[in-house]
Amino acid sequence: MRNDVSWDHYRSFLAVLQSGSLSAAARALGLTQPTLGRHIEALEANIGAPLFLRSVQGLLPTATALAMRPLAESMETSSRSLSRLATASQTNVEGVVRISASDVMAVEVLPPILSRLQTAHPGLHVELSVSDRVEDLLQQEADIAVRMVAPRQKALVSRAIGALDIGFYAHRRYLDQNGRPENLEDLRQHRLIGYDRPLPYIRAILEARPDLAALTFAFRADSNLAQLAAIRSGLGIGMCQAGIARRDDTLEEVLSGQLHLTLPTYVVMHENLKTHPPCRATFDALVAGLLRYRAGGASVAESAPE
């Protein structure tokens, strides 16, 4: 087995794994199908084993291909990180910065902060990875992350934003039709909106308020953004960040003062990037913007550039 196989071959291999066919992978990479096929054949010849089996469902990966996939994905992540660093100026705020954030933060909170940032630095390009998964900054899955759990790796630097207030909210129309609960027992009788899977921040909330674990949800979603849309539509009562609810006068908090929950928030990046101008400027802008959001003195929309 040779050790000088081109990254292009592994990139083609990963594209076929992800798409399931040579034609779809070729379109995704901007290559011709024969070229991509030669990449796969060369890789198979190098390792001495087939990587795909043809079937009516398309190309099925062999056990060897599946074993290689995590390493190929790691290579792709490293390649993207190298590309971002190579295109960035070492003195100016230019180049690509990849940010990881949950769906609600990405859609409801970060856009005006990023708008202000990119207005100040036109040469800065932002990639926003939207996921509730805690992406691994040490493996360079992202440059900077907005997290709701404290970072534990020593190689990371972070800034604690503080605790964001969380409450139970519903559309006024729902409450007018179904009544307003006066205690937790009343709340259990309502149509509740909640999570499908207990993510790390949900587990932290339940540790602080174990009495909420007994709540039964009539509507479940593994996306906080989907839950928020359900609350806004009048489907029922669900958890929402107070900062988001303040901007929507159709939403009303229920059991105010009885169910005070908080969501600790951090901006995190790898310590090697703290002197990298694009990452440093982005990190500082996220910290400043999220502190304004937490303070709640003005809506997030008002903090966007004019």
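In what follows, the structure referred to is the one given above.
All of the points below concern the structure found in this document.

So, how was this worked out
Residues numbered from 1 in each chain as written. Predicted model: local features only at pLDDT ≥ 70, side-chain atom pairs only at ≥ 80, totals over all residues. Heavy atoms only, no water. Core = buried A, V, L, I, M, F, W, Y, C linked by side-chain atoms within 4.5 Å. Buried < 20%, exposed > 50% of the residue type's maximum accessible area, 1.4 Å probe, protein only. Helix = DSSP H or I, 4+ residues; strand = E, 2+ residues; numbered from the N terminus. Contact = heavy atoms within 4.5 Å. Phe/Tyr/Trp six-rings, centres within 6.5 Å; stacked < 30°, edge-to-face > 60°.

### So, the nonpolar core
The nonpolar side chains of a soluble globular protein tend to be buried with one another.
And step 1. F168, L187, I237, L286 and L290 are the most contacted members of the largest nonpolar core, which has 59 residues in total.
And step 2. Looking at this core, the element that brings in the most residues is helix 11 (residues 277–295), giving eight residues.
And step 3. Apart from the residues within four sequence positions on either side, I237 is in contact with F168, Y169, A170, Y174, L175, P181, L187, H190, R191, L192, I193 and V254.
And step 4. Counting residues in each nonpolar core, the second largest holds 18 residues, with A25, I40, F52 and L59 among its members.

### What to know about unusual backbone geometry
And step 1. Of note in the backbone geometry, L255 takes a positive phi value of approximately 50° without being a glycine.
And step 2. Mapped onto the fold, L255 is located in the loop between strand 10 (251–254) and strand 11 (261–270).

### Digging into the environment of L114
And step 1. Inspection of the secondary structure assignment puts L114 in helix 5 (residues 103–120).
And step 2. Residue classification places L114 among the buried residues on the basis of a relative accessible area of 10%.
And step 3. Sequence-distant contacts of L114, that is, excluding residues within four places in its chain, are made with I99, V126 and L286.

### Examining the packing of aromatic side chains
And step 1. In this structure the tally under the stated criterion is two aromatic pairs.
And step 2. Here the aromatic rings of F13 and F52 are separated by 5.9 Å at their centres, their planes lie at 50°, and the arrangement is tilted. Placement of F13 in helix 1 (residues 7–19) and of F52 in strand 1 (residues 52–55) is noted, with a sequence separation of 39 residues between them. Considered together, F13 and F52 belong to a single accessibility category, that of buried residues.
And step 3. Seen from their ring centres, Y195 and F217 are 5.1 Å apart, and the 65° between their planes marks the pair as edge-to-face. In this pair, Y195 sits in strand 7 (residues 192–195) while F217 sits in the loop between helix 8 (200–208) and strand 8 (219–221), placing the two residues 22 residues apart along the sequence.
And step 4. We classify Y195 as buried; its relative accessible area is 14%.
And step 5. For F217, a relative accessible area of 11% gives the class buried.

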